[in-house]
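Letter by letter, the chains look like this.
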Amino acid sequence: MRGMSGFMGLVALFVLGSVALAASPLDGTQWQIKLTNAAAKTPSEDRIRFEKGRFISPLFQPKGFPTSNYTLTEEKGGPVIWETMQTSQAEGTLSWRGELGGQTMRGIASWRKPDGTVVNYNFAGSKVVEPAAPKEPAAKEPAEPKQPSAPKPKPKPKTPTRTP
């Protein structure tokens with residue numbers, strides 16, 4: 001009996017988690033962000049994505065940081081906050097925490113390298129809105145045949161004039 005109630009609790013948790021995930025305002029979105037830190041002279045750019053409850057950072061993927069699950073916290077009257085942690089066997093741990101404000105986002109990414117050094121990045125950006133797919137041109141209707149114009153009246157022949 002105890003095993004069955006534990007199993008049912010796990011099923012309920014999974015179902016509730018799925019419902020909460022489906023309602024995520026981030027799911028299916030992309031964000032163009034700039035990451036800055038004190039050591040870097042120029043900011044780095046990334047286009048982070050949230051898809052099916054997963055977080056993707058194309059900038060950090062080549063360094064071995066895989067796609068990860070993210071959590072979402074929504075408080076009444078407060079901001080929407082998301083968090084995730086990515087672990088690379090070779091490069092350490094990268095923790096993200098972002099705050100959503102309509103079409104903008106800001107936050108911190110903290111990279112703890114295997115040697116213990118920590119690099120903190122501030123990031124800010126905006127939601128990427130993909131242009132709508134171009135509409136297919138409407139099928140052209142055949143042009144209406146031109147109506148013949150009324151014939152122009154022929155000029156009256158001039159009567160020859162006689163010269164004496």
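Nothing here was measured: the structure is a model prediction, and the numbers come from that model.

## Focus: the overall build of the protein
Part 1 of the argument: Helix and strand counts for the protein come out as one helix and nine strands.
Part 2 of the argument: When the helices and strands of the protein are listed from N to C terminus, the series reads α-β-β-β-β-β-β-β-β-β.
Part 3 of the argument: The buried share of the protein, taken over its 164 residues, is 23%.
Part 4 of the argument: Taking as baseline every contact in the protein between residues at least 6 positions apart, the subset at least 24 positions apart corresponds to 36%.

## A few points about the pattern of salt bridges
Part 1 of the argument: Taken as a whole, this structure holds three salt bridges when the rule is applied.
Part 2 of the argument: Here Glu51 and Arg49 are joined by a salt bridge, their closest N and O atoms 3.0 Å apart.
Part 3 of the argument: For Glu99, the salt bridge goes to Arg106, with nearest N and O atoms at 3.0 Å.
Part 4 of the argument: Owing to a relative accessible area of 24%, Glu99 belongs among the partly exposed residues under this scheme.

## Re the sheet that holds strand E9 (residues 118-127)
Part 1 of the argument: One open sheet holds the nine strands; their spatial order is E4-E3-E2-E1-E9-E8-E7-E6-E5, and the pairing between them is antiparallel. Two strands in the sheet have a free side with no partner beyond their single neighbour: strand E4 (68-69) and strand E5 (71-74).
Part 2 of the argument: When strand E1 (residues 29-36) meets E9, the two strands line up antiparallel, connected through six bridges. Directly across from Leu35, in E9, lies its bridge partner Phe123.

## Quick look at the packing of aromatic side chains
Part 1 of the argument: Taken as a whole and judged by the stated rule, the model has 13 aromatic pairs.
Part 2 of the argument: Between Lys113 and the ring centre of Trp111, over which it is positioned, the NZ or CZ distance is 4.5 Å.

## So, unusual backbone geometry
Part 1 of the argument: One non-glycine residue, Lys52, adopts positive backbone phi at about 50 degrees.
Part 2 of the argument: Residue classification places Lys52 among the exposed residues on the basis of a relative accessible area of 74%.

## Examining the confidence of the model for the protein
Part 1 of the argument: Put simply, the protein has an average pLDDT of 81, and 65% of its residues get 70 or more.
Part 2 of the argument: Across the protein, element-level confidence peaks in E4 with a mean pLDDT of 98 and bottoms out in helix H1 (residues 2-22) with 46.
Part 3 of the argument: The low-confidence segment residues 6-22, where pLDDT is below 50, has two contacts with residues more than four positions distant or belonging to other chains.

## Structural notes on the nonpolar core
As a rule of thumb, soluble globular proteins bury nonpolar side chains together.
Part 1 of the argument: Membership of the largest hydrophobic core comes to 21 residues, with the highest contact counts inside it found for Ile48, Phe50, Trp82, Trp96 and Met105.
Part 2 of the argument: Only E1, strand E2 (44-51), strand E6 (80-88), strand E7 (92-101), strand E8 (104-112) and E9 provide two or more residues apiece to this core.
Part 3 of the argument: If we ignore the near neighbours within four places in the chain, the residues touching Phe50 are Leu26, Asp27, Gly28, Thr29, Trp31, Phe55, Tyr70, Trp82 and Met105.

## Here we look at the environment of Gly98
Part 1 of the argument: Position of Gly98 among the secondary structure elements: in strand E7.
Part 2 of the argument: Distance from Gly98 to Trp82, taken between C-alpha atoms, is 5.3 Å for residues 16 residues apart in sequence.
Part 3 of the argument: Here Gly98 is in contact with Val80, Ile81, Trp82, Arg106, Gly107 and Phe123, once residues within four sequence places are set aside.

## Things to note about the environment of Trp31
Part 1 of the argument: Locating Trp31 in the fold gives a position in strand E1.
Part 2 of the argument: A C-alpha to C-alpha distance of 7.9 Å links Trp31 and Met105, two positions 74 residues apart in sequence.
Part 3 of the argument: Side chain to side chain, Trp31 and Thr29 meet in a polar contact 2.9 Å long.

## Structural notes on the side chain of Asn37
Part 1 of the argument: Mapping Asn37 onto the fold places it in the loop between E1 and E2.
Part 2 of the argument: Using a relative accessible area of 17% as the deciding quantity, one classes Asn37 as buried.
Part 3 of the argument: Within the structure, Asn37 has its side chain in polar contact with the backbone nitrogen of Ala39 (distance 3.2 Å).
Part 4 of the argument: Separated by 2.7 Å, the side chain of Asn37 and the backbone nitrogen of Ala40 make a polar contact.
Part 5 of the argument: Sequence-distant contacts of Asn37, defined by excluding residues within four places in its chain, comprise Val119, Asn120 and Tyr121.

Rules used throughout
Residues numbered from 1 in each chain as written. Predicted model: local features only at pLDDT ≥ 70, side-chain atom pairs only at ≥ 80, totals over all residues. Heavy atoms only, no water. Helix = DSSP H or I, 4+ residues; strand = E, 2+ residues; numbered from the N terminus. Buried < 20%, exposed > 50% of the residue type's maximum accessible area, 1.4 Å probe, protein only. Contact = heavy atoms within 4.5 Å. Salt bridge = Lys/Arg side-chain N within 4 Å of Asp/Glu carboxyl O. Pairing = 2+ DSSP bridges. Phe/Tyr/Trp six-rings, centres within 6.5 Å; stacked < 30°, edge-to-face > 60°. Lys NZ or Arg CZ within 6 Å of the ring centre and 35° of its normal. pLDDT = per-residue confidence, 0-100. Core = buried A, V, L, I, M, F, W, Y, C linked by side-chain atoms within 4.5 Å. Polar contact = N/O pair within 3.5 Å; in protein donor to acceptor, adjacent residues only side chain to side chain.

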